[in-house]
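So you can see what is in the structure, the chains are spelled out below.
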Protein chains: 2
Amino acid sequence: MGEFDLIRRFFQRPAPAGVDVGVGDDCAVLAPTPGQRWLVSSDMLVEGRHFLSTVDPARLGHKALAVNLSDLAACGATPRGFTLALALPRADEAWLAGFAGGLLALADAHGCPLVGGDTTQGPLNLCITVFGEAPAGQALLRSGARVGDEIWVSGTLGDARLALEVFRGSVALDGAGFAAVREAMERPTPRLALGQALRGLATSAIDVSDGLLGDLGHVLAASGVGARLDVDALPRSAVLASQPVALRHLCGLAGGDDYELVFTAPPGARLPDVGVALTRIGVIEAEPGLRVVDGRGEAVAHGLQSFDHFSS
Amino acid sequence: MGEFDLIRRFFQRPAPAGVDVGVGDDCAVLAPTPGQRWLVSSDMLVEGRHFLSTVDPARLGHKALAVNLSDLAACGATPRGFTLALALPRADEAWLAGFAGGLLALADAHGCPLVGGDTTQGPLNLCITVFGEAPAGQALLRSGARVGDEIWVSGTLGDARLALEVFRGSVALDGAGFAAVREAMERPTPRLALGQALRGLATSAIDVSDGLLGDLGHVLAASGVGARLDVDALPRSAVLASQPVALRHLCGLAGGDDYELVFTAPPGARLPDVGVALTRIGVIEAEPGLRVVDGRGEAVAHGLQSFDHFSS
């Protein structure tokens, strides 16, 4: 199977509405919606770094797109399409069928068609670039948090990291517990409906990809503010809640790979109900820095840092 | 130096006009031009496959963007911006400074700002996604070639492949000759002005990335036509012209990495003068397939195929 057969067989589909030209020309051609801004994000996933070689290809396809859609969600954008560039050691048909299946199922679920890309031979590497739209001036940014805003997070935090610790052999879970946290790690849910519902309501937003401390830190830096964070308020799954405190803190504060949205909103803001739990975890303060406290307001020494690809 | 320092130091710049938000948020936010379509293309470059580990990083930066801009050129688009996803074995400051310098110099030359991306640790891999604009209905596609159209190519073909053969040790050139063809391989020129000038004039276009036979083959397949190609008419550099006929044919017909535009236009079309040579190399015919002939019209048995990442 050659490169072009591979594209045709696994990735090419008829161009949907709003896409003049999809996969198969030098460029895709899309029709922007009048009055909307164009939002773009790109993420690269490398074997051994972002996923294990043993991962089910359908789950990998899901995750590769999910982490990109999560960036659109964090900005409150509506997805319009994506490109996929793929380096593969070899053209393995069963792997490709699984990968494309997981990828395109999530794409279909969010009306985000694959419009182009590239395939080449090389160490396994997936690079997806997503495009979305939001009304001019309404994209959610990291820079809008204001003193007194409350800090909220969707869903639960820490399960993906807990699953990673099981894979690393540092934690043991029973079968049902491991299945649950592995699902969180391998099939994250991009919070697109929530992001769109937060337009005009949240003052800032980011998705938790590198860990809450680091990602919230980006919001604080971009907004020129500080924060107080209640570690006991962090929403956790039942599996994580039953773990020792140090592990709970590690997974919740510095875990990463959660793809939940952290956002700020003025006190009393009427938050949307889109079927995902929202939990208040802290408050924006004028004093720079991020102060982690427990439920009684006492400082927690956690010694944790967020994930950095070149420091850790 | 951590991941975020790296981005700030080498890749972050103030957002230019038309870019609401550039590097540093979850998404870039761009303002589409009313009445224009949005064009997107993505290319991935892998060490050992698309470039040698010894390549000068500034030249690699240039080439990584050039091959993507070439896709915009082939569609007649005006560049608007690009994202860069980069997997690096380590954060080498000298390498990054060189790479960013070559990349951003070409970006500046074409008014195509870096608006976002990703950096991670892994085997060296560069994935760029470019965005451009063209008026609705005017993007140049592969599918518009008509029987009787003439086939044209810009610049010269084959030097990049000739340089590759020197690196492989199968060909020897003198110092000046090697310098010239190496320049073609490492610093290709995206034909953006030509592509834009061909809007409404060329019936189809593609850039020569995998080799003339294969790339022209895509046009023929998409357009449902055949062609006759005069191999003796192919424009060649003086260095390539002095090589044996089999090597001339290999480099000109199947070389790849040229990033010249091949396009079709009706006979007598008034072609634009944008400072790049244009050479007529064949004609579109109704009979399917691609017939390679010499200057006397006699069939040439070349036995060549275009480059395919999973067949060669």
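Chain A goes by Thiamine-monophosphate kinase in an unreviewed UniProt entry, where it is assigned to Pelomonas nitida. What UniProt records for chain A under Catalytic activity (unreviewed entry) is the sentence "thiamine phosphate + ATP = thiamine diphosphate + ADP".

1. Topic: the interface of chain A and chain B
Listed by partner, the interface residues are 64 residues for chain A and 64 residues for chain B. Summing both partners gives a buried area of about 5000 Å² for chain A against chain B, and 60% of it is carried by carbon and sulfur. At the boundary of chain A and chain B, one finds six salt bridges. Between A:Arg142 and B:Asp26 there is a salt bridge, with the nearest N and O atoms lying 3.3 Å from each other. Where chain A meets chain B, there are 19 residue pairs in polar contact (both at pLDDT 80 or more). It is strand 3 (residues 36-46) of chain A that provides the largest number of residues to the side of chain A that touches chain B, a total of 10 residues. Tallied by class, the residues present in the side of chain A that touches chain B amount to 33 nonpolar, 17 polar and 14 charged. In the sheet, strand 2 (residues 28-30) of chain A pairs with strand 3 (residues 36-46) of chain B via three bridges, with the strands oriented antiparallel. Across the sheet, A:Val29 pairs through a bridge with B:Leu39, a residue of strand 3 of chain B.

2. Considering the nonpolar core
All names here are of chain A. Counting 54 residues, the largest nonpolar core has Phe11 and Phe82 as its most contacted members. Elements represented by at least two residues in this core include exactly helix 1 (3-11), strand 3, helix 2 (57-74), strand 4 (78-88), helix 3 (93-109), strand 6 (125-135), helix 6 (192-197) and strand 10 (261-265). Top contributing element to this core by residue count: helix 2, with nine residues.

3. So, the relation of the copies chain A and chain B
Its rotation angle being 180°, the transformation that places chain A on chain B also includes 0.0 Å of axial translation and leaves an RMSD of 0.0 Å. Taken together, the rotation angle and the small translation identify this as a two-fold axis. Residue by residue, 100% of the interface of chain A is reproduced at the interface of chain B, so both copies engage with the same surface.

4. Brief notes about the packing of aromatic side chains
By the definition in use, this model includes 10 aromatic pairs over all chains. Ring geometry for A:Trp95 versus A:Phe99: centroids 5.0 Å apart, planes at 10°, classification stacked. Pair noted here: A:Trp95 and A:Phe99 are both in helix 3, with a separation of four residues, about one helical turn. As far as the burial class goes, A:Trp95 and A:Phe99 line up, both buried. On the basis of an interplanar angle of 70° and a centroid distance of 6.4 Å, the ring pair of B:Phe11 and B:Phe99 is categorised as edge-to-face. Residue B:Phe11 is found in helix 1 (residues 3-11), and its partner B:Phe99 is found in helix 3 (residues 93-109); the two are separated by 88 residues along the sequence. Look at B:Phe99 and you get buried, because its relative accessible area is 0%. Ring-pair connections join several aromatic residues into one group, and the members of that group are A:Trp38, A:Phe131, B:Trp38 and B:Phe131.

5. Considerations on the pattern of salt bridges
Following the criterion strictly, the structure yields 36 salt bridges over all chains and no others. The partner of A:Glu183 in a salt bridge is A:Arg187, and the shortest N-O contact between them spans 3.4 Å. Here A:Glu183 falls in the partly exposed class, since its relative accessible area comes to 33%. A salt bridge links B:Arg59 to B:Glu186; the nearest nitrogen and oxygen atoms lie 3.1 Å apart. Of this pair, B:Arg59 sits in helix 2 (residues 57-74) while B:Glu186 sits in helix 5 (residues 175-186); the two residues are 127 residues apart in sequence, bridging distant segments of the chain. For B:Arg59, a relative accessible area of 22% corresponds to the partly exposed category. Residue B:Glu186 is classed as buried on the basis of its relative accessible area of 7%. Connected through salt bridges with shared partners, the residues A:Arg59, A:Arg182, A:Glu183, A:Glu186 and A:Arg187 form a single ionic network.

Thresholds, definitions, all that
Residues numbered from 1 in each chain as written. Chains lettered and ligands numbered in written order. Predicted model: local features only at pLDDT ≥ 70, side-chain atom pairs only at ≥ 80, totals over all residues. Heavy atoms only, no water. UniProt positions renumbered as here; feature names shortened; annotations may be inferred. Contact = heavy atoms within 4.5 Å. Buried area = accessible area lost by both parts, 1.4 Å probe. Salt bridge = Lys/Arg side-chain N within 4 Å of Asp/Glu carboxyl O. Polar contact = N/O pair within 3.5 Å; in protein donor to acceptor, adjacent residues only side chain to side chain. Helix = DSSP H or I, 4+ residues; strand = E, 2+ residues; numbered from the N terminus. Nonpolar A, V, L, I, M, F, W, Y, C, P; charged D, E, K, R; others polar. Pairing = 2+ DSSP bridges. Core = buried A, V, L, I, M, F, W, Y, C linked by side-chain atoms within 4.5 Å. Buried < 20%, exposed > 50% of the residue type's maximum accessible area, 1.4 Å probe, protein only. Least-squares fit on C-alpha atoms with pLDDT ≥ 70 in both. Phe/Tyr/Trp six-rings, centres within 6.5 Å; stacked < 30°, edge-to-face > 60°.

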